[in-house]
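Notes for the structure review
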Amino acid sequence: MRHMIKVDFTVSDLDGKVIKTYSLDLEPSQILIEVDNAREVWDEYHVRAKSDNPIAPFEVFKTKTYKQEMMERQYLLDMHDECCGEDW
């Protein structure tokens, strides 16, 4: 039998107003994958994942939204192309 952990997800806007909450039972190896998937779906919002599991409590939160990260990456790629004159 696989060990599952109940993970509570909170989706909030940039001002901290909660948009949606939900819970999933996940295998430990799937938690970060599911957090990244949720961030991609809710790209303009903050996603927080938290578990009060008595063995290993945790909280996962990134300070930037997925969309902000992608815009920053694109900016860096554009700067590289402009400075180096080369494509990746």
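Heads up: the structure comes first, above all this text.
Residues numbered from 1 in each chain as written. Predicted model: local features only at pLDDT ≥ 70, side-chain atom pairs only at ≥ 80, totals over all residues. Heavy atoms only, no water.

1. Considering the pairing of strand 3 (residues 46-51)
Here is the rule we go by: Two strands are said to pair when DSSP picks up at least two bridges between them. Strands are runs of DSSP state E lasting at least 2 residues, helices are runs of H or I lasting at least 4, and numbering of each runs from the N terminus.
Judged from the five bridges that link them, strand 1 (residues 5-12) and strand 3 form a sheet pairing that is antiparallel. When the sheet's bridge partners are listed, aspartate 8 is paired in strand 3 with lysine 50. Of the pairings in the sheet, the one linking strand 3 to strand 4 (residues 58-61) comprises four bridges and is antiparallel in character. By the bridge assignment for strand 4, lysine 50 is matched with glutamate 59. Between the end of strand 3 and the start of strand 4, which pair antiparallel, lie six residues.

2. A few points about the sheet that holds strand 3
The test is simple: In this analysis, axes come from line fits to C-alpha atoms, helices being fitted only over the stretch in contact, and the angle between any two N-to-C directions falls in the range 0 to 180 degrees. Residues count as neighbours in contact if any of their non-hydrogen atoms are within 4.5 Å of one another.
Pairing is antiparallel in the open sheet, where four strands are placed in the order 2-1-3-4. One side of each edge strand has no neighbouring strand; the edge strands of this open sheet are strand 2 (18-26) and strand 4. When the angles between neighbouring strand axes are averaged without regard to direction, this sheet yields 15°. Taken together, the eight bridges between strand 1 and strand 2 define a ladder with antiparallel strand orientation. By the bridge assignment, phenylalanine 9 is partnered in strand 2 with tyrosine 22. With respect to the sheet, helix 1 (residues 31-41) is in contact with strand 1, strand 2, strand 3 and strand 4, its orientation differing from that of strand 1 by roughly 20°.

3. Focus: the pattern of salt bridges
We count it as follows: A carboxyl oxygen of Asp or Glu within 4 Å of a side-chain nitrogen of Lys or Arg is what we treat as a salt bridge. Throughout, exposure labels follow a simple rule: accessible area from a 1.4 Å probe, protein chains only, divided by the maximum for the residue type, with under 20% read as buried, over 50% as exposed, and the rest as partly exposed.
Applying the stated rule across the entire model yields five salt bridges. Ionic pairing is found between lysine 6 and aspartate 8, a salt bridge with its closest N-O pair at 3.8 Å. For lysine 6, a relative accessible area of 49% gives the class partly exposed. Between lysine 64 and glutamate 72 there is a salt bridge, and its shortest N-O distance comes to 2.3 Å. The partly exposed category is assigned to lysine 64, whose relative accessible area is 31%. Classification of glutamate 72 by relative accessible area gives partly exposed; the value is 39%.

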